[in-house]
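Summary of structural features
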Amino acid sequence: MARGRVIFFADRCKACGLCVEFCPKNILVFDDHTINVLGFHPIMLLQPDECTGCGVCGLMCPDLVIQVERE
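Residues numbered from 1 in each chain as written. Predicted model: local features only at pLDDT ≥ 70, side-chain atom pairs only at ≥ 80, totals over all residues. Heavy atoms only, no water.

Attention shifts here to the nonpolar core. Within the largest apolar cluster, 13 residues are counted, with the highest numbers of intra-cluster contacts made by Cys19, Leu28, Leu45 and Ile66. Those residues in contact with Leu45, other than ones at most four positions away along the chain, are Val6, Phe8, Ile27, Leu28 and Cys51. (Core = buried A, V, L, I, M, F, W, Y, C linked by side-chain atoms within 4.5 Å. Buried < 20%, exposed > 50% of the residue type's maximum accessible area, 1.4 Å probe, protein only. Contact = heavy atoms within 4.5 Å.)

Okay, here's the thing in structure tokens:
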């Protein structure tokens, strides 16, 4: 059961990959089917039910793309 909810501001994402690299659950991926206004494939949550709400992804993001809410 998920303990966190992740909100992405996809139009700000520059696809640096830091959030993907540091997610302890390995549930963040690049959305290969979407291109944002900056011309990048933004990140997406692959398995929302697995998110613990730890917030590491949000801390690692240099562009404030990710907001994590704990349940």
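What follows picks up the thread again.
Quick look at the environment of Pro48 now. Of note, Pro48 is situated in the loop between strand S3 (43–45) and helix H2 (56–60). Put simply, Pro48 and Arg3 are 45 residues apart on the chain and 9.5 Å apart in space, counted from C-alpha to C-alpha. (Helix = DSSP H or I, 4+ residues; strand = E, 2+ residues; numbered from the N terminus.)

To continue, consider the confidence of the model for the chain. Across the chain, the average pLDDT comes to 93, with 97% of residues at or above 70. Taking the mean pLDDT of every element in the chain, the minimum, 89, falls on strand S1 (residues 4–8) and the maximum, 97, on helix H1 (residues 18–22). (pLDDT = per-residue confidence, 0-100.)

The next point concerns the pattern of salt bridges. Per the counting criterion, the structure on display carries 2 salt bridges. As a salt-bridge pair, Glu69 and Arg5 come within 2.6 Å of each other at their nearest N and O atoms. Placement of Glu69 in strand S4 (residues 66–70) and of Arg5 in strand S1 is noted, with a sequence separation of 64 residues between them. Overall, Glu69 belongs to the partly exposed group, its relative accessible area being 29%. Linking Asp63 and Lys14 is a salt bridge whose minimum nitrogen-to-oxygen distance equals 3.6 Å. In this pair, Asp63 is assigned in the loop between H2 and S4 and Lys14 in the loop between S1 and H1, connecting sequence segments 49 residues apart. For Asp63, a relative accessible area of 24% gives the class partly exposed. (Salt bridge = Lys/Arg side-chain N within 4 Å of Asp/Glu carboxyl O.)

Residue position: Asp31 is located in the loop between strand S2 (28–30) and S3. Buried and unpaired, Asp31 has no salt bridge, with Arg12 as the nearest side chain of opposite charge at 17 Å. Here the side chain of Asp31 touches His33 through a polar contact of 3.1 Å, landing on its backbone nitrogen. A polar side-chain atom of Asp31 sits 2.8 Å from a polar atom in the side chain of Thr34. Dropping the residues within four chain positions of it, Asp31 is found in contact with His41, Pro42 and Met44. (Lys, Arg positive; Asp, Glu negative; His and termini not counted. Polar contact = N/O pair within 3.5 Å; in protein donor to acceptor, adjacent residues only side chain to side chain.)

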